[in-house]
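Fold and geometry: a report
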Amino acid sequence: FGDAYEAVFTPRQARLDLLLANELADADDLRFALYEPEDPADSADLRFKVLGRKPMTLGEAIPHFNGLNVDVIDERPFAWDLRGQDLYVYDFGFRLPAGQTPDDWSPADRTRFAEAFEASYKGLCHPGKMNRLVMTAGLTWRQIVWLRAIARYLNQAGIPFSQAYVAAALNGHPGSAADLVAAFE
């Protein structure tokens, strides 16, 4: 694991990370862990660990976190040699939006967040502000792609509202965004 990793994580956390690392199927595969920090001195509300076989820069990751409305306050990168293959572990600490606590993030919310981050990072969806609906409206990244497509279609049809305006309107009324998706599913 390396001295830097071992100085930060307990053996129990290392075992969990190793289990995730062993799930990586190919070079483009990613695995995630979203957890509350165990260290009381850690100023992050939640930590998000990304494991993969390719390096990731903070600059590459930040737009995807911003789209999901979390404020990254630190990153702890680690590199492993796992059975002769490079493995990268990135541990991001972030603050939640005002009014949210880690208790507000159910296991289903955490899974949806990780899936949305992965889709955005891999280019399967746009990393824009509409992705905030993952947490505020309980939508999946695919449902948000659908909403974004409708907004773009309406724009092409002559509706005078910009993508930013539609995103702001939907984010301002997450219940209505969820109802709109439910009406068409």
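See the structure shown above.
Residues numbered from 1 in each chain as written. Predicted model: local features only at pLDDT ≥ 70, side-chain atom pairs only at ≥ 80, totals over all residues. Heavy atoms only, no water.

**Structural notes on the sheet that holds strand 4 (residues 85-95)**
Taken in spatial order, the 4 strands of this open sheet run 1-2-4-3, and their pairing is antiparallel. Edge positions in the sheet fall to strand 1 (30-35) and strand 3 (71-82), since each has one partner strand and no second. Pairwise comparison of adjacent strand axes, ignoring direction, gives a mean angle of 15° for this sheet. By the bridge criterion, 6 bridges tie strand 1 to strand 2 (residues 46-52) in an arrangement that is antiparallel. Bridge pairing links Phe 32 to Val 50 in strand 2. Contacting strand 1, strand 2 and strand 4, helix 4 (residues 107-121) runs over the sheet at an angle of about 140° to strand 1. (Pairing = 2+ DSSP bridges. Helix = DSSP H or I, 4+ residues; strand = E, 2+ residues; numbered from the N terminus. Axes fitted to C-alpha atoms, helices over the stretch in contact; angles between N-to-C directions. Contact = heavy atoms within 4.5 Å.)

**So, the pattern of salt bridges**
Note that side chains of opposite charge can pair when their charged atoms are close. Going through the model one piece at a time under the given rule, you end up with 12 salt bridges. The partner of Glu 23 in a salt bridge is Arg 31, with the nearest N and O atoms 3.0 Å apart. Of the charged contacts, one joins Arg 112 and Asp 109 as a salt bridge, the two residues approaching to 2.6 Å between their closest N and O atoms. Within this pair, Arg 112 and its partner Asp 109 are both found in helix 4, separated by 3 residues, close to a single helical turn. Accessibility assignment for this pair places Arg 112 and Asp 109 in one class, buried. Salt bridges linked by common partners bring Asp 42, Arg 47, Asp 74, Arg 76 and Asp 91 together as one network. (Salt bridge = Lys/Arg side-chain N within 4 Å of Asp/Glu carboxyl O. Buried < 20%, exposed > 50% of the residue type's maximum accessible area, 1.4 Å probe, protein only.)

**A few points about the environment of Ile 144**
Note that Ile 144 resides in helix 6 (residues 141-156). The class of Ile 144 is buried, set by a relative accessible area of 0%. Measuring from C-alpha to C-alpha, the distance between Ile 144 and Ala 116 comes to 9.6 Å, with 28 residues separating the pair along the chain. With near-sequence residues (within four places) excluded, Ile 144 lies in contact with Met 130, Asn 131, Leu 133, Val 134 and Leu 139.

**Some thoughts on the nonpolar core**
Grouped together as the largest cluster of nonpolar side chains are 40 residues, with contacts concentrated most on Phe 48, Phe 65, Phe 94 and Phe 113. Residue contributions to this core peak at 5 residues, all from helix 4. Setting aside its immediate chain neighbours within four residues, Phe 113 contacts Leu 34, Phe 48, Phe 65, Leu 68, Val 70, Phe 94, Trp 105, Val 134 and Met 135. (Core = buried A, V, L, I, M, F, W, Y, C linked by side-chain atoms within 4.5 Å.)

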